[in-house]
Amino acid sequence: MLSNFGNLLLFINIFLSLTIIYSALRCLKISSKFIPKTIYQISTLQSTLIIICFFTLIAGFIVSDFSLTTVYQNSHSLKPLFYKISGTWGNHEGSLLLWVIILTIFSFLFLIFTKNHPKEYRIFTLVIQNILILGFLFFILFNSNPFSAISPIPKEGLGLNPILQDPALAIHPPLLYLGFVGSSIYFSAAMASLITNYSQTTFAHSIKNWVLISWCFQTLGILVGSIWAYYELGWGGFWFWDPVENASLLPWFAMTALLHSLIVFEKRGLFYFWVITLCLLTFILSVTGTFLVRSGILNSVHTFASDPTRGIYILLFLTLMIFSSIFLLFKKYKKENYDLNPNSKETFILVNNWFMMFYLITVLLGTIYPIFTDVLTGNKISIGPPFYNVVIIPVVVIFLLIMAIGPKVKWIKEKFNNLKNYLLILLGSILINFLIILLFKSYSILSNLIIISSLFLIISSLIDAFKSFKKNKTNFARIISHASFGLLVMFIGLNDIFSVEKDYNIKLGETKNFDNYSIELQNLEIEKFSNYKAVIGSLEIKNNKTNKKNILKPEIRIYENPQTLTYEAAIKTSFLKDYYLTMSNIDRSDYYNIKFQKKPLMIWIWISVIMIALGGFLRLFQNEKYN
Amino acid sequence: MKNIIKISIFIIIIFIVAVFFMGLNKDTNYNTNVLTGKKISNISLEYFDENKFYKEEDLKKNNYTLINFWAAWCAPCRKEHPLLMQLSKEKNLKLLGVNFKDKKKQAEIFLNDLGNPYDFLTKDELGKSSVKFGIYGIPESILINKDLMILKKFVGPLSTEDYDSIVEIIN
């Protein structure tokens, strides 16, 4: 029943998209300055129906309708309601439907919120966005249909992959999708702008909020993904330079660059083609990321089952997108005359963009290089943290310094008579850095530089905030985001420097001592749960200085639906540090292998990222106020 | 000059797309679940004691074979061992042990203490042959039939339920 209803809705949506494209192109011939009402109406209907379509699938998951293949493959009647619902987008088919929803709703909202812009520009944006929608609807219907039926109807489902049964992962895809699928709308807008020669600075007005929205959600999406990796994967890290993580980071770099160059374009009318390129690039990178994840071309922590035919479809779609956008860009490209003074805000923002492009290219190369070696030479290699750490971290130091100075430089030309202030701030940062090192005793030149430069950014942002507060001329959005970025880098740096990691093979009743701590394996239990059995260890961590005791209970879980072995980390979070403990059976003896980590300031890393996104949201409200 | 840039951008993109396309058709079997229902092939496992190899033809002689990956250093392997001893009494089933990344001496002590359930014992010192079976943690067991079709995979130590299901399949 649900299967027929869902399929019907998909067909109607295809029909509506075609209707919108047809009637939009037809209304170009009418000389009226307004877009006819019918287009608004069809667009509203389209959004409504696709949302109903999604709720139909959710309903299928809630009532465990195993006649739907997707529900059968990814759900189980015993699963908690929350995970039944999140299971809707925790699989390939359902998440594609989420893709289309975001494409459709953004298309509708863009139509509504851009009434002050030229009709042709809006029409073409709508048409291109609907071509994207059509592409994905066809993909869903003919290759990855969430409503495909199975018969005879199975009595029980196969269950959701256990490592995906996690609250963070339930909200991770929607957030991330709002980010990178959201970037589709300024892809369409950029194409429309090229087609209709709409290169006035008002073009920036029409897309800047969309860039901000997608950037904020992308930031949060990446954060939630990291938190999940930290809690669930049991390696104790939060960023692994895993190909799929990189896939979410690539559009983020492009968005961040766009966010900044858009300011220049809006204020000074410069960099038009660069802005367009970034708009196109962001969504192209998003689709590339989807291709890399879904085609199974890369192996990673994301366990979407692979299927080459999916890959071919997305690759085809991607190729069409790339070639049409490059073709259009080349056709319309005119050389722009940049007459920039080196001491101007424009230059600093351009430098920001160079940095972003540097990060982007580094990460892109690191991500796709293994595919190249595999295809061309047959060697399976993986590029891990060492590559990224060596290439990226030293550059971050300079980046942070420029990030601190840039925002205060004036448009057109700056005289730089506040050099003395900067030197003072730098001196202060160095002093604080040495205090930290002196107190906790650890040393490496690079980590010192990282701490100093992040302090430099934090302090100058704070002074900035204080000054602008006095003048009542505030740009808190930027200050919060920049200062929080400084905090993020500083906390990551401190976390890295002062982390303690100990590896032991331990037997029941045994105690291991290190530094001021002792760990005792007090108890081992085997428990049977509804869909897994678990070996649960009880380990006592004692701080011999303060006599504080903590009991941590890591688990080894053996899931049945589907069969998987997972190691559950036990984590004790506090404001100053996290204790992180995993236990496994893999070692060359009869013992249990435990890995204990003390990770200082973990929670502050999460908080900093939330603050970065918060700055973005704040800017969004400011923009609304000015408009 | 401008045209050269344009053309080279096109060539680079075509190259990348082509590599992606070729990459799609390479098989990657890291996901073990998809292996159920598939046939195994190109099997060659070195015997534990001799410098001979256990091959596909040998597998075809058995009605059912349970391939069990184990090591002396693996605690859960000890847990499932009594069940393997039970299974070794089944007439319709042969047990093929693969000693995974282990020291020979340790493995011998293990079998002396707990008994040897295996009809055939092989070793995989580097853990490379096991990758072909899609193994990435032990213990793991694979039940195959005469046609080398994978009937069932067991990740983690065998439970009594697993035991029952194996007995049901082979009888």
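It should be emphasised that the depicted structure is a prediction, and the values quoted were computed from it without experimental measurement.

Each helix and strand counted, chain B has six helices and seven strands in total. Out of the 171 residues belonging to chain B, those deemed buried represent 35%.

All names here are of chain A. Strand order in this open sheet of four strands is β1-β10-β9-β8, and the pairing throughout is antiparallel. Edge positions in the sheet fall to β1 (500–506) and β8 (570–573), since each of these pairs with one other strand and no more. Strand after strand, the sheet turns through a mean of 10 degrees between neighbouring axes, direction not considered. Taken together, the four bridges between β8 and strand β9 (residues 577–584) define a ladder with antiparallel strand orientation. Following the sheet pairing, I571 is matched in β9 by Y580.

Moving on, we come to the packing of helix α9 (residues 202–232) of chain A against helix α10 (residues 243–268) of chain A. Residues and elements named next belong to chain A. With their axes 9 Å apart at the nearest point, α9 and α10 run at an angle of 150 degrees to one another. Taken together, the axes of α9 and α10 are roughly antiparallel relative to one another. In terms of crossing hand, the pair formed by α9 and α10 is left-handed. In this structure, α9 contributes A204, K208, V211, L212, S214, W215, Q218, T219, G221, I222 and G225 to the contact, and α10 contributes E245, S248, L249, P251, W252, M255, T256, L258, L259, L262, F265 and E266. Looking at the contact of α9 with α10, its residues break down into 13 nonpolar, seven polar and three charged.

Residues and elements named next belong to chain B. Positionally, K123 belongs in strand β5 (residues 120–124). When the C-alpha atoms of K123 and F69 are compared, they prove to be 9.2 Å apart, with 54 residues separating the residues in sequence. Excluding residues within four positions of it along the chain, K123 makes contact with E46, F48 and N99.

It is worth spelling out the confidence of the model for chain A at this point. Averaged over all residues, the pLDDT of chain A is 86; the fraction at 70 or higher stands at 92%. Within chain A, strand β7 (residues 564–568) of chain A has the poorest average pLDDT of any element, 74, and helix α8 (residues 184–195) of chain A the best, 96.

The rules behind these values
- Position labels on residues start from 1 in each chain and follow its written sequence.
- Lettering of chains starts at A and numbering of ligands starts at 1, both following the order in which they are written.
- Given that this is a predicted model, residues contribute local features only at a pLDDT of at least 70 and side-chain atom pairs are listed and counted only at 80 or more, while totals for whole chains, interfaces and linings are drawn from all residues.
- Numbering of helices and strands runs from the N terminus; a helix is a DSSP stretch of H or I covering at least four residues, while a strand is a stretch of E covering at least two.
- Three classes are used. A residue is buried when 20 or more other C-beta atoms lie within 10 Å of its own, exposed when 12 or fewer do, and partly exposed in between, with C-beta atoms placed from the backbone.
- Any two strands are treated as partners once DSSP identifies two or more bridges connecting them.
- Throughout, an axis means a line fitted to C-alpha atoms (over the contacting stretch in the case of helices), and angles, computed between N-to-C directions, take values from 0 to 180 degrees.
- Oblique is the label for every angle not falling under 35 degrees (roughly parallel), over 145 degrees (roughly antiparallel), or within 65 to 115 degrees (roughly perpendicular).
- A clockwise turn of the near helix away from the far one marks a right-handed crossing, whereas an anticlockwise turn of less than a right angle marks a left-handed crossing.
- Here, residue contact means that the backbone-derived C-beta atoms of the two residues sit within 7 Å.
- For this classification, the nonpolar set comprises Ala, Val, Leu, Ile, Met, Phe, Trp, Tyr, Cys and Pro, the charged set comprises Asp, Glu, Lys and Arg, and every other residue, Gly included, is treated as polar.
- One confidence number per residue, pLDDT, is output by the predictor and ranges from 0 to 100.

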